[in-house]
Amino acid sequence: MDLFSRSWAALRTAVAELADEDFARPSGCTGWRVRDLVCHLVIDAQDVLITLVTPAETEPTRDAVTYWNLVEAPTGDDPLDALIVRLAAAYEEPWLLKFHLDDVGSAAGRAAGLADPALRVSTQDQVLTAGDYLGAYVLEWTLHHLDLIAHLPDAAPPPAEGLARSRELLERIAGAVFPASFSDTDALLIGTGRRSPGAAEKAELGELAARLPLVLG
């Protein structure tokens, strides 16, 4: 729960520190500018709020690892992805996006801090404990923090403990361990297809290389 809060606060701070011109730069999400990614974060924050007030009576069906599905790489034809691009453009002024993320994002952060980790919640027709649900989102926040700063070399990176936990989650999803020589950031970027491995890195990956990228949905 605490790691969720730290990762989320760091990501929101990184957005708050963006210059207006940064919103037009490309992000680490293929086809999305930074403004599109920030708009997606607003939607994510809304999802957190909705899920934490959607209690479930049945036993959990997923945990922080099995919450994630491995899916096909996006083609750019997904209606929701297209909607997010249009929504982001509708904000027109970067400060409006910053304001909306700070407003909804702060509320999501407070709700997470107040949630009972053992509370069972429902999302996407699945049941998790609130602790596992928020734990899964550490990976979401960390990957999108890396996406946000992909072309902003002076921006602050995600918290080290969030990177380490996200690597652990990705390795458990993959059922395999990334080479010890890989930094947590490189393991996440290469593992999820955000960058291609070099020849030496591919050799170190061995059989795992053929299974990459791991596209999470």
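Quick note: structure is the one above.
So, here is what we can say about the structure in this document. (Residues numbered from 1 in each chain as written. Predicted model: local features only at pLDDT ≥ 70, side-chain atom pairs only at ≥ 80, totals over all residues. Heavy atoms only, no water.)

Turning our attention to the overall build of the chain. A count of helical and extended segments in the chain gives eight helices and two strands. Summarising its shape, the C-alpha atoms of the chain cover approximately 45 × 45 × 35 Å along the three principal directions. Partitioning the intrachain contacts of the chain with sequence separation of at least 6 by distance along the chain shows that 70% fall at a separation of at least 24. Of the roughly 10,800 Å² that the chain leaves accessible, carbon and sulfur atoms contribute 54%. Where the 17 positive side-chain charges of the chain centre and where its 33 negative ones centre are 2 Å apart. (Helix = DSSP H or I, 4+ residues; strand = E, 2+ residues; numbered from the N terminus. Contact = heavy atoms within 4.5 Å. Areas by Shrake-Rupley, 256 points an atom, 1.4 Å probe, with all protein chains shown as cover. Lys, Arg positive; Asp, Glu negative; His and termini not counted. Charge placed at Lys NZ, Arg CZ, Asp CG, Glu CD.)

Taken together, the side chains of Leu80, Leu83 and Leu87 make up a nonpolar region of the molecular surface, amounting to roughly 240 Å² of accessible area. You can see leucine 83 is positioned in helix α3 (residues 79-91). (Patch = residues over 30% accessible without salt bridge, like charges linked within 9 Å, V, L, I, M, F, W, Y side chains within 5 Å. Salt bridge = Lys/Arg side-chain N within 4 Å of Asp/Glu carboxyl O.)

With that settled, consider the packing of helix α2 (residues 34-52) against helix α4 (residues 94-114). For the pair α2 and α4, the least separation of the axes is 9 Å and the interaxial angle reads 30°. The orientation of α2 with respect to α4, classified from their angle, is roughly parallel. Like other packed secondary-structure pairs, α2 and α4 cross with a definite hand, here left-handed. Mapping the contact onto sequence places Arg35, Val38, Cys39, Leu41, Val42, Ala45, Gln46, Val48, Leu49 and Leu52 in α2 and Leu97, His100, Leu101, Val104, Gly105, Ala107, Ala108, Ala111 and Ala112 in α4. For the contact of α2 with α4, the residue count by class is 15 nonpolar, three polar and one charged. (Axes fitted to C-alpha atoms, helices over the stretch in contact; angles between N-to-C directions. Parallel < 35°, antiparallel > 145°, perpendicular 65-115°, else oblique. Left-handed = near helix turned anticlockwise from the far one by under 90°. Nonpolar A, V, L, I, M, F, W, Y, C, P; charged D, E, K, R; others polar.)

Among the secondary structure elements, proline 55 is positioned in the loop between α2 and α3. Considering only alpha carbons, one finds proline 55 and threonine 123, 68 residues apart in sequence, at a separation of 9.4 Å. Sequence-distant contacts of proline 55, that is, excluding residues within four places in its chain, are made with Arg120 and Val121.

Successive residues of a regular strand alternate their side chains across the two faces of the sheet. The pairing of strand β1 (residues 120-123) with strand β2 (residues 126-129) spans four bridges and is classified as antiparallel. Bridging across to β2, serine 122 finds its partner in valine 127. Once β1 ends, the chain turns through two residues before running back antiparallel as β2, passing glutamine 124 with a positive phi of about 55°. (Pairing = 2+ DSSP bridges.)

If you walk through the whole model with that rule in mind, you get eleven salt bridges. The salt bridge involving aspartate 22 is made with arginine 25; its shortest N-O contact spans 2.8 Å. Using a relative accessible area of 11% as the deciding quantity, one classes aspartate 22 as buried. Between aspartate 186 and arginine 195 there is a salt bridge, with the nearest N and O atoms lying 3.3 Å from each other. Owing to a relative accessible area of 24%, aspartate 186 belongs among the partly exposed residues under this scheme. Here arginine 195 falls in the partly exposed class, since its relative accessible area comes to 27%. Each of Asp2, Arg6 and Glu161 takes part in a single network of salt bridges with overlapping partners. (Buried < 20%, exposed > 50% of the residue type's maximum accessible area, 1.4 Å probe, protein only.)

This part is about the environment of aspartate 132. Within the element layout of this structure, aspartate 132 appears in helix α5 (residues 130-148). Overall, aspartate 132 belongs to the partly exposed group, its relative accessible area being 25%. A C-alpha to C-alpha distance of 9.7 Å links aspartate 132 and threonine 66, two positions 66 residues apart in sequence. Discounting chain neighbours no more than four positions away, the residues touching aspartate 132 are Asp63 and Ala64.

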